[in-house]
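Coordinates in review
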Amino acid sequence: MTGGSGHPAGWYDDGVTPGVQRWFDGVGWSETTRPLAPPPVVAMPAAVNPYGQDAAYGQPVGFGSMAPAMSTFGAGFTSARQAAAPYGTGFAAPLQPGASYGTVLPVGRLVDEAAVRSARRTMTWALLGGMFALVVGGVIAIVRARALELGVSGSGGHYIATGGLISGTVAFVRAGKSYRSMVDQGGTPWSTAAKAFVIGAAGLAALLGVVGVVQVARASSLPPLGPAIAGSCWTGGTTGDVLQVLQVRCTTAHEYIGTLVTLDSAGSDCPAQTDSVLNLADGTGFYLCLALDSSLG
């Protein structure tokens, strides 16, 4: 109903006590009051989380609740949410491999098969070539050194030995670089036993090369043989009726020693202990009386 005031009957603010409404019957105020009804709460739709977390995560917050939300940022979720969250306990928690969102999982290294095969082939040939150069150079040098000790003329042994040593070293360095390239491209590294075997074989080849260089250098420094005169030393023997001997240094093993230079091919003027007469064949027509070296017993 509406009284003379022109206002319909209903609940109105008391005007005296905050938060209280008083009944107006259309004519005057009654003694009936009630608490002021709270404003209606509008429920926000739940946010859809693409990462599997519960709907409460990511809910928009009002301006009045911004401070609490900011104060708990990075401090982790509640215990109930911790139990339900499949990706960890919050931004402040340490990341667990394979569990936390954003974790970078290890990715297998791509293998360049063509590059691996090329590096392995280069490494193999470099190893074989290096060992071949060292072994061949070392053997030739040792043989040449022995010939120089015996007084055999000739040259070039030290060049072969030195060249083999340098070539082998360069090849080994290239083999090491190729091995590292093979592993970097995704190739399977050698086992410890394989590495030990290769290093041992390469070391022996290198040792042989070094020995050859040292031997030929030492032999090359020896003085040349003296002339084929009395006191010269010879090694060899007779084949049938033919004497085949070679002059050597007296510091090396020998069987004969020169006793006299003569013009008589029959050696009639040779000493009594003469065993053979050697044609020097040097264009002078001289012969050398040879006797077994008595110092050999």
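Everything below is about the structure shown above.
Rules used throughout
Residues numbered from 1 in each chain as written. Predicted model: local features only at pLDDT ≥ 70, side-chain atom pairs only at ≥ 80, totals over all residues. Heavy atoms only, no water. Pairing = 2+ DSSP bridges. Helix = DSSP H or I, 4+ residues; strand = E, 2+ residues; numbered from the N terminus. Axes fitted to C-alpha atoms, helices over the stretch in contact; angles between N-to-C directions. Disulfide = S-S within 2.5 Å. Buried < 20%, exposed > 50% of the residue type's maximum accessible area, 1.4 Å probe, protein only.

Things to note about the pairing of strand β4 (residues 233-239)
- In the sheet, β4 pairs with strand β5 (residues 242-248) via seven bridges, with the strands oriented antiparallel. Within the sheet, the bridge partner assigned to Trp234 lies in β5 and is Gln247.
- Note: β4 against strand β6 (residues 256-262), two bridges, orientation antiparallel. Counterpart to Trp234 in the pairing with β6 is Tyr256.

A look at the sheet that holds strand β3 (residues 29-35)
- The strand order β1-β2-β3 describes an open sheet built from three strands, whose pairing is antiparallel. Lying at the two open borders of the sheet, with one neighbouring strand each, are β1 (10-13) and β3. Each strand of the sheet is rotated relative to its neighbour by a mean of 40 degrees, with strand direction disregarded.
- By the bridge criterion, four bridges tie β1 to strand β2 (residues 20-24) in an arrangement that is antiparallel. Counterpart to Tyr12 in the pairing with β2 is Arg22.

Some words on the sheet that holds β6
- Read from one edge of the open sheet, five strands run β5-β4-β6-β8-β7, paired in antiparallel fashion. Taken across any chain shown, the strands that pair with only one partner, and hence form the sheet edges, are β5 and β7 (276-279). Pairwise comparison of adjacent strand axes, ignoring direction, gives a mean angle of 45 degrees for this sheet.
- Two elements, β7 and strand β8 (residues 287-292), share four bridges in a ladder whose sense is antiparallel. Paired with Leu278 across the two strands is Leu288, which belongs to β8.

A word on the state of the cysteines
- Within this structure, the stated rule accounts for two disulfides.
- A sulfur-sulfur distance of 1.9 Å marks the disulfide that ties Cys233 to Cys250. Taking the sign of the torsion about the S-S bond as the criterion, the disulfide between Cys233 and Cys250, at about 100 degrees, is right-handed. In this pair, Cys233 is assigned in strand β4 and Cys250 in the loop between β5 and β6, connecting sequence segments 17 residues apart.
- Residue classification places Cys233 among the buried residues on the basis of a relative accessible area of 3%.
- Disulfide pairing is shown between Cys270 and Cys289; the S-S distance is 1.7 Å. Taking the sign of the torsion about the S-S bond as the criterion, the disulfide between Cys270 and Cys289, at about -65 degrees, is left-handed. With Cys270 in the loop between β6 and β7 and Cys289 in strand β8, this residue pair connects regions lying 19 residues apart in the sequence.

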